[in-house]
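# Architecture and fold: a report
Chain by chain, the residues:
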Amino acid sequence: MKKLLLTAVLSTLAAPVLAEPSCTMPDAPKPVWESLKTFEDEGGKVIAFKINDGACYEIYGTLNDAKMEVFFDPNTGTELDRIAQ
């Protein structure tokens, strides 16, 4: 019983850490290259890119020798969240 309770508590605490932003894909999204350029203009190096399950642009790259995961809104092209790995 203690193991089950501990697992439930740890899962609940970890959920916000694993949560990614969610977006709505518009009929005419901002071009992907604009989000990539924003990250590169900051000094970042893009390694990979995808549209995540929440329809946000998701960039994997490095910035100042740190691995980064950066999320952009396809509607506005603005950065939503950044996770250092």
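Since we're looking at a predicted model, the values are computed, not measured.

The rules we used
- Residues numbered from 1 in each chain as written.
- Predicted model: local features only at pLDDT ≥ 70, side-chain atom pairs only at ≥ 80, totals over all residues.
- Heavy atoms only, no water.
- Pairing = 2+ DSSP bridges.
- Helix = DSSP H or I, 4+ residues; strand = E, 2+ residues; numbered from the N terminus.
- Axes fitted to C-alpha atoms, helices over the stretch in contact; angles between N-to-C directions.
- Contact = heavy atoms within 4.5 Å.

## Describing the sheet that holds strand E2 (residues 57-63)
With respect to topology, four strands assemble into an open sheet ordered E1-E2-E3-E4, the strand pairing being antiparallel. Of all the strands in the sheet, the pair left with one neighbour each is strand E1 (45-51) and strand E4 (79-84). Strand-to-strand twist in this sheet, taken as the mean axis angle between neighbours without regard to direction, amounts to 20 degrees. In terms of strand pairing, strand E3 (residues 66-72) meets E4 through five bridges, oriented antiparallel. From the neighbouring strand, phenylalanine 71 faces E4, where its bridge partner is aspartate 81. Running over the sheet, helix H2 (residues 32-41) touches E1, E2 and E3 and is turned about 25 degrees from E2.

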